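Chain by chain, the residues run as shown.
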Amino acid sequence: MKDLQKDSQRDPATEISFSGLALPAGGALALPEFADSDRSGLFSAVNEATGGAIARAAEAASFSFRSGTSCTILAPGAGLDRVVLVGLGNKGDLTEALAERAGGVAALAMAMHSEAAISTDGIDAALVPLIALGASLGLYRFDRYRTTDREDGPKLAALTILSSNPETARTAWTSWEAVARGVTLTRNLVTEPANILTPVAFANRAEELRDLGLTVEVFDRPAMEKLGFGALLGVAQGSSNEPRMVVLRWNGAGDDSAPLAFVGKGVTFDSGGISIKPAAGMEDMKWDMGGAGVVTGLLSALARRKAKVNVVGLLGLVENMVSGNAQRPGDVVRSASGQTIEVLNTDAEGRLVLADVIWYARETFRPRFMVDLATLTGAIIVGLGHEYAGLFSNDDTLAANLTAAGQISGEKLWRMPLAEEYDQLLKSDIADMKNIGGRPAGSITAAQFLQRFVGDTPWAHLDIAGVTWASKAKPGSPKGATAFGVRLLDRLVRQYEAG
Ligand code: BES
Ligand code: MN
Ligand code: ZN
């Protein structure tokens, strides 16, 4: 039974294989085509084999081959059940992100067939694996808890990518398949309900990644007490689910060079604590561990594709609950850095968790740079909505590299300011700082708070509250957990790999 398999190793539902550019004998076929192509090659072969049905259908539907669109033709002849035309836009405009989306659109349009093929005729070899990535990710569905209606989901069991050079495409796919699996792991973690994915359960799933060659270290409450993690443990104290910190390490550089560090907020449920949240929408707070989910999926992807770089991933796993033992507004806690914090709002808990983990990451690993990911503030959703994540950084090079990786991967970042004037808003009457800065600039004061724990390490903070969960499906991407950050950071890491 599927559920008995280790979660991190569950196979993707669709098997992807590669073969040459030839008209398939039957089943479903997707023909991604540029708006400005001459429709020679496989398109014209299929059109001829179907007596011109494909061109007639495109004409009748006024299909424009605009990127993100598709046109389905049922039983066109030549033994095919379905042909799906997929718009790629103009050839010069096709990016990795658009290729990925086209793959998703194609696979979703053929999801009800058990066998299907996607042509990559005319598409740059470097973008062919992105088509496969999009197809694989577009078919994602979480059905662990369904006992009925499982059969409503995608049936596509075997997908063939047709390419002029299938060997090259297959080789290129191995590294992207690792990314696809990382994204799937992240989506599974983020989708799990909070009664299942407690901090301990999350740590257990992280431990499964040892099989991929990662080093996994787990810290329990006494271990964190020893480290002086008063800020993280203050958040955890209201929950009967014990907190954990997980440290995942991938040493792919072949030397002991300083690692890249990624830190994730892993609040497995955020009730707000005593500063409790309103009931409407509180269920969303099961995905307040999205940052930790991304770091876990990223490290699994890097291990699977054997990235030539040293990387460390740290997860701060706690549940923010209400109880007789819960932290109170007004409590003062001592962070691992020694700095004291007046907790004026128990719902500003993510920064408390990250304060200790970020500090530990810096002190322990002296990383080349550190990137933290957190569903940190509702204010970032007000500012940027659900398209861009907020980027805050003390280092212009790191910020520029991240922004570029975002443009390429399609997981886009918008840089926000950090400044002394905002930092002043965190002044406390009785401690070194308070954990809220007031209503104005809520995402910035949260970032300023984190900055107090990074020292002079080049650091970036990604506020992913608006992009971690999609309440609506988009072309090529299902609703629910997005795993925003895995593809982005995989792309960033590629820039830092040796040779
Ligand atoms: N996890 C929330 C932020 C959040 C809100 C994520 C909506 C995703 C969707 C965070 O812990 C929080 O509660 N932030 C507060 C901070 C405030 C009390 C200063 C917020 O944004 O309201
Ligand atoms: Mn909160
Ligand atoms: Zn939170």
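Residues numbered from 1 in each chain as written. Chains lettered and ligands numbered in written order. Predicted model: local features only at pLDDT ≥ 70, side-chain atom pairs only at ≥ 80, totals over all residues. Heavy atoms only, no water.

Named according to an unreviewed UniProt entry, the protein is Probable cytosol aminopeptidase originating from Acetobacter musti. The Subcellular location (unreviewed entry) comment attached to the protein in UniProt states, word for word, "Cytoplasm". Reading the Function (unreviewed entry) entry of the UniProt record for the protein gives the comment "Presumably involved in the processing and regular turnover of intracellular proteins. Catalyzes the removal of unsubstituted N-terminal amino acids from various peptides." (UniProt positions renumbered as here; feature names shortened; annotations may be inferred.)

Engineer: Give a detailed account of the coordination of the zinc ion (ligand 3), specifying residues and quantitative values.
Structural biologist: Taken together, the protein ligands of the zinc ion (ligand 3) are K265 (NZ), D270 (OD), D288 (OD) and E349 (OE), with distances of 2.0 to 2.4 Å. Its 6 donor atoms give the zinc ion (ligand 3) angles of 78 to 174° at the centre, a pattern that matches the octahedral case. Expressed as a motif, the donor residue spacing for the zinc ion (ligand 3) is K-x4-D-x17-D-x60-E. The metal-metal distance between the zinc ion (ligand 3) and the manganese ion (ligand 2) comes to 3.2 Å, with D270 coordinating both. Of the two residues, D288 is situated in the loop between β9 (260–270) and α9 (290–304) and E349 in the loop between β12 (340–343) and α10 (350–365); the sequence distance between them amounts to 61 residues. Just as D288 is buried, E349 falls in that class too. (Donors = N, O, S within 2.8 Å, 3.2 Å for Na, K, Ca; no water. Tetrahedral: all angles 85-135°; square planar, octahedral: opposite > 155°, others 65-115°. Helix = DSSP H or I, 4+ residues; strand = E, 2+ residues; numbered from the N terminus. Buried < 20%, exposed > 50% of the residue type's maximum accessible area, 1.4 Å probe, protein only.)

Engineer: Tell me about helix α2 (residues 53–60), and name the residues and values.
Structural biologist: Residues of α2 that are buried: A53, I54 and A58. An end-on view of α2 places all buried positions within 130° of arc, on one side of the element. Those residues of α2 that are exposed and aimed more than 90 degrees away from the buried face are R56, E59 and A60. Tucked inside the fold, the buried residues of α2 contact α1 (41–49), β3 (70–77) and β4 (80–87). Once α2 finishes, S62 follows within two positions and takes phi at roughly 50°, a positive value. (Arc of directions from axis to C-beta. Contact = heavy atoms within 4.5 Å.)

Engineer: Run through the UniProt feature "active site" (unreviewed entry) in the protein, naming residues and quoting values.
Structural biologist: Annotation from UniProt places "active site" (unreviewed entry) at K277 and R351. In this fold, K277 is placed in the loop between β9 and α9. In this structure K277 touches D270, S271, G272, M282, M285 and D347, once residues within four positions along its chain are discounted. Mapping R351 onto the fold places it in helix α10. R351 gets classed as buried once you look at its relative accessible area, which sits at 7%.

Engineer: Give me the coordination of the manganese ion (ligand 2): which residues, what numbers.
Structural biologist: Perfect tetrahedral coordination of a metal by four donors corresponds to 109.5 degrees between them, and perfect octahedral coordination by six donors corresponds to 90 or 180 degrees. Binding of the manganese ion (ligand 2) to the protein goes through D270 (OD), D347 (O), D347 (OD) and E349 (OE), at separations of 2.0 to 2.2 Å. Geometry at the manganese ion (ligand 2) is irregular, judged from the 6 donor atoms that bind it and their angles of 71 to 167° at the metal. One chain supplies every donor to the manganese ion (ligand 2), and in sequence these donors are spaced D-x76-D-x1-E. Residue D347 is classed as partly exposed on the basis of its relative accessible area, which comes to 21%.

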